[in-house]
Amino acid sequence: MMTVQEQEEANGAHATFQVLSPVDGSVVGEFRESDAADVDAAVQRAAAAFPQWRDLPVRERAKHLWRLADVIERHHEELARLDTQCMGKAIRDSLVEARRCADDVRFWAGATDKIFGKELADIKGRLTYTKHEPLGVYGVIIPWNAPTISFVNRSVPALAAGNTVVIKPSELAPLSALRLAELFAEAELPAGILQVVTGSGGTGDLLVRHPDVRGISFTGSVATGERISLAAAATFKKVTLELGGKSPIVIFDDADLNAAADAAILGVAFNAGQICSAGTRLIVHEDAQDAVIERMLATSKKIRVGDPMDPATHIGPISCQRQYDKVQGFIDRSSGQGRIVTGGGRPAHLADTPGLYIEPTIIADVGVDAEVFRQEIFGPVITVTTFRTEAEALTIANDTEFGLSSYVWTKDLGRMFRMIDGIDAGVVQGNTPQVMNAAFPFSGHKNSGFGTAYGVDAIEGLTQIKRVTLNFSDEPAQLPWADLE
Ligand code: NAD
């Protein structure tokens, strides 16, 4: 595992990339663009470490991960700062995520001895059962929006299942990944089981195409997911895809409207709305629309946008210039598709700073054909669309290529369960803002991907099944042609 310093020294004449601060454009760091030789070396180191890691008694594997959890816990504030420095997430949000990491690692440590096969019904004197075996070297590619927690919850489950890992963080936020690699060493995990390569999409592609990588966990956009799926097919890798979202929040008129409205606006404020599962399409009963918008507006006025390192700040800048231009472009093009109730761009008090700030933005009267309704914006923007009947609410909620998360607010239990059955998404959350927990499965339907992250269900994508059939009777096993016996 290379330290940050070794990385910097190794950079030498090698191709590099820079991370620029979204607060002032200054250079946060310069990093190695890992090439084919780097990726191959990382894969070979992980492959060399695999047999020993796979064959460790699972309780020993767990003990390593428990130690890692303690080290991460001690360093969580530092990890949070590194994320904020790179991609501008308000430090309070970075801390919420970094604080969770140690417990998530402990969950995965506890999962090491809960990887179960099955015994299958078979004839007398013969035993048939399945085993879940690790895949080998497992490649992990993560985005920039939640660097530390994505690193932990994509790499540690793979390790818990007995794989070794090569991980590529986003080119926008590699700092915490490099520091986490150091923390693995500090926790005295076996050398080689986790390798970090840095670089952009090209480096990720090298990892996906490497013949000795047997599985890929990808978290990122739909477009990249499609590319990775195709590239991984050439070597028949097992792939898990956690992709984008455009999650509906359906609010019926009998709901606790204040709670629903607060959850809706805070859902796109947390991490400046750069959350795959954020509820970004508010679908509200026409009789409740005014009350919900009024409350969202009042709450949005209390949200402080500004310096992400200030603990009082709720929303920092958008992660990078490209993402800022994309979000602002969606807002600018929305005139004619809806009515901007609040926000729409840079807050007045930050007019003279170079930071990439965008206020929480509510766009009302949005129809289902509007670009802002259909496409993932990945910024602090929520659209409002109305409905009259339950059937109409369900149709609008499902009118999307995505199927990641969803939120329903109603006090009518029958209606709640009908919506739960009808919504085509991997997660439905009723009368609550987003709940994330390493123990709860998280997966996309439709273009939001396939395979499961989180929860013991994730083990399926991290292992391969071996079926074993064993004759233990004293009778010789039956041959298919009885006349040869
Ligand atoms: P992205 O797809 O641009 O990049 C994600 C990662 O893939 C980066 O590390 C990037 O370098 C790498 N990459 C790019 N091209 C590649 C290629 N051809 N081969 C291999 N790797 C390649 O996404 P992003 O902008 O970093 O992240 C935002 C997206 O991630 C949003 O769509 C968001 O919804 C999604 N996301 C999904 C989840 C989830 O759990 N479903 C979680 C977080 C973010």
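Up top you'll find the structure we're talking about.
This report concerns the structure included in the present document.

**Structural notes on the overall build of the protein**
- When its secondary structure is counted, the protein shows 16 helices and 20 strands.
- What you see for the protein is a C-alpha radius of gyration of 24 Å, in line with the 23 Å of a compact globule of 485 residues.
- Each principal axis of the C-alpha atoms in the protein carries an extent, and together these give about 80 × 60 × 40 Å.
- Residues counted as buried form 54% of the 485 residues belonging to the protein.
- Taking the contacts inside the protein whose residues are at least 6 apart along the sequence as the reference set, 73% of them involve residues at least 24 apart.
- Summed over its atoms, the accessible surface of the protein is roughly 20,600 Å², and 54% of this surface lies on carbon and sulfur atoms.
- Averaging the positions of the 46 positive and the 63 negative side-chain charges in the protein gives two centres separated by 2 Å.

**Some details on the pairing of strand 9 (residues 238-242)**
- Burial analysis of strand 9 places four of its five residues in the buried class, which makes it a mostly covered element.
- Regarding topology, helix 9 (residues 222-233) serves as the crossover connection from strand 8 (residues 213-219) to the parallel strand 9, and that connection is right-handed.
- One ladder, built from two bridges, connects strand 9 with strand 19 (residues 449-450); its direction is antiparallel. Looking at strand 19, one finds that Leu241 is bridged to Phe450.

**Considerations on the packing of aromatic side chains**
- Applying the stated criterion across every chain, the model contains six aromatic pairs.
- When the ring of Trp144 is compared with that of Phe378, the centres are 5.5 Å apart and the planes differ by 80°; the resulting orientation is edge-to-face. Taken together, the residues span a long stretch of sequence, with Trp144 in the loop between strand 5 (137-141) and helix 6 (147-160) and Phe378 in the loop between helix 13 (371-374) and strand 14 (381-387) at a distance of 234 residues.
- For Trp144, a relative accessible area of 12% gives the class buried.
- When its relative accessible area of 15% is taken as the criterion, Phe378 is described as buried.

**A short note on unusual backbone geometry**
- In this model, Ala272 sits at a positive phi of 50°, which is unusual for a non-glycine residue.
- Here Ala272 lies in the loop between helix 10 (257-269) and strand 11 (279-285).
- For Ala272, a relative accessible area of 3% puts it in the buried group.
- A positive phi angle, near 45°, is found at Lys446, a position not held by glycine.
- The topology assignment puts Lys446 in strand 18 (residues 445-446).

**A short note on the site of the ligand**
- What surrounds the ligand is a group of 29 residues, the closest being Glu171, Ser221, Thr224, Leu243 and Glu376.
- For the ligand, an oxygen atom lies 3.0 Å from a polar atom in the side chain of Trp144.
- Within the backbone of Glu242, an N or O atom sits 3.4 Å from a nitrogen atom of the ligand.
- Within the complex, 90% of the 850 Å² of free accessible area of the ligand lies under protein.
- Elements that contribute at least two residues to the shell around the ligand include exactly helix 8 (201-209), strand 8 and helix 9.
- With three residues, helix 8 is the single largest residue contributor to the shell around the ligand.

**Overview of the packing of helix 10 against helix 11 (residues 289-301)**
- Where helix 10 meets helix 11, the axes come as close as 8 Å, and the angle between the chain directions of the two elements is 50°. Relative to helix 11, helix 10 is oriented oblique. In this structure, helix 10 meets helix 11 at a crossing whose hand is right-handed. Contacts between helix 10 and helix 11 pair Leu257, Asn258, Ala261, Asp262, Ala264, Ile265 and Leu266 from the former with Ala291, Val292, Arg295, Met296, Thr299 and Ser300 from the latter.
- Residue classes in the contact of helix 10 with helix 11 are distributed as eight nonpolar, three polar and two charged.

**A few points about the sheet that holds strand 14**
- Pairing is mixed across the open sheet formed by seven strands, whose spatial order is 12-13-14-11-10-16-17. If you trace the sheet from one side to the other, it starts and ends with strand 12 (339-342) and strand 17 (429-430), each paired once.
- Bridging between strand 11 and strand 14 involves five bridges; their strand directions are parallel. For His285, the partnering residue across the bridge sits in strand 14 and is Phe387.
- Docked against the sheet, helix 11 engages strand 10 (247-251), strand 11, strand 12, strand 13 (361-364) and strand 14, running at close to 50° with respect to strand 12.

**A look at empty space enclosed by the protein**
- Using the criterion set out here, one finds three cavities of 30 Å³ or more in the structure.
- The volume enclosed by the largest cavity comes to roughly 110 Å³.
- Contributions of two or more residues to the lining of the largest cavity are made by helix 6, strand 9 and helix 16 (459-462).
- At three residues, helix 6 tops the list of elements feeding residues into the lining of the largest cavity.
- Here the lining of the largest cavity is composed, by residue class, of seven nonpolar, five polar and two charged.

**Focus: the nonpolar core**
- Residues Leu68 and Phe151 are the most contacted members of the largest nonpolar core, which totals 60 residues.
- Taken domain by domain, this core gets at least three of its residues from each of domain 1 (4-243 + 448-469) and domain 2 (247-430).
- Those residues in contact with Phe151, other than ones at most four positions away along the chain, are Ile142, Val156, Ile167, Ala177, Leu180, Phe184, Leu194 and Val196.
- Ala255, Ile283, Met419 and Ala425 belong to the second-largest nonpolar core, a separate cluster that totals 55 residues.

The rules behind the values
Residues numbered from 1 in each chain as written. Predicted model: local features only at pLDDT ≥ 70, side-chain atom pairs only at ≥ 80, totals over all residues. Heavy atoms only, no water. Helix = DSSP H or I, 4+ residues; strand = E, 2+ residues; numbered from the N terminus. Rg over C-alpha atoms; globule rule 2.2 N^0.38 Å. Buried < 20%, exposed > 50% of the residue type's maximum accessible area, 1.4 Å probe, protein only. Contact = heavy atoms within 4.5 Å. Areas by Shrake-Rupley, 256 points an atom, 1.4 Å probe, with all protein chains shown as cover. Lys, Arg positive; Asp, Glu negative; His and termini not counted. Charge placed at Lys NZ, Arg CZ, Asp CG, Glu CD. Right-handed = clockwise from strand over helix to strand, strands pointing away. Pairing = 2+ DSSP bridges. Phe/Tyr/Trp six-rings, centres within 6.5 Å; stacked < 30°, edge-to-face > 60°. Near = heavy atom within 4 Å. Polar contact = N/O pair within 3.5 Å; in protein donor to acceptor, adjacent residues only side chain to side chain. Axes fitted to C-alpha atoms, helices over the stretch in contact; angles between N-to-C directions. Parallel < 35°, antiparallel > 145°, perpendicular 65-115°, else oblique. Left-handed = near helix turned anticlockwise from the far one by under 90°. Nonpolar A, V, L, I, M, F, W, Y, C, P; charged D, E, K, R; others polar. 1 Å grid on protein atoms, 1.4 Å probe; cavity = no way out; pocket = protein on both sides within 12 Å on 5 of 7 lines; lining within 4 Å. Points joined across faces, edges and corners; volume = space filled by probe spheres on them. Core = buried A, V, L, I, M, F, W, Y, C linked by side-chain atoms within 4.5 Å. Domains from an automatic or database assignment.

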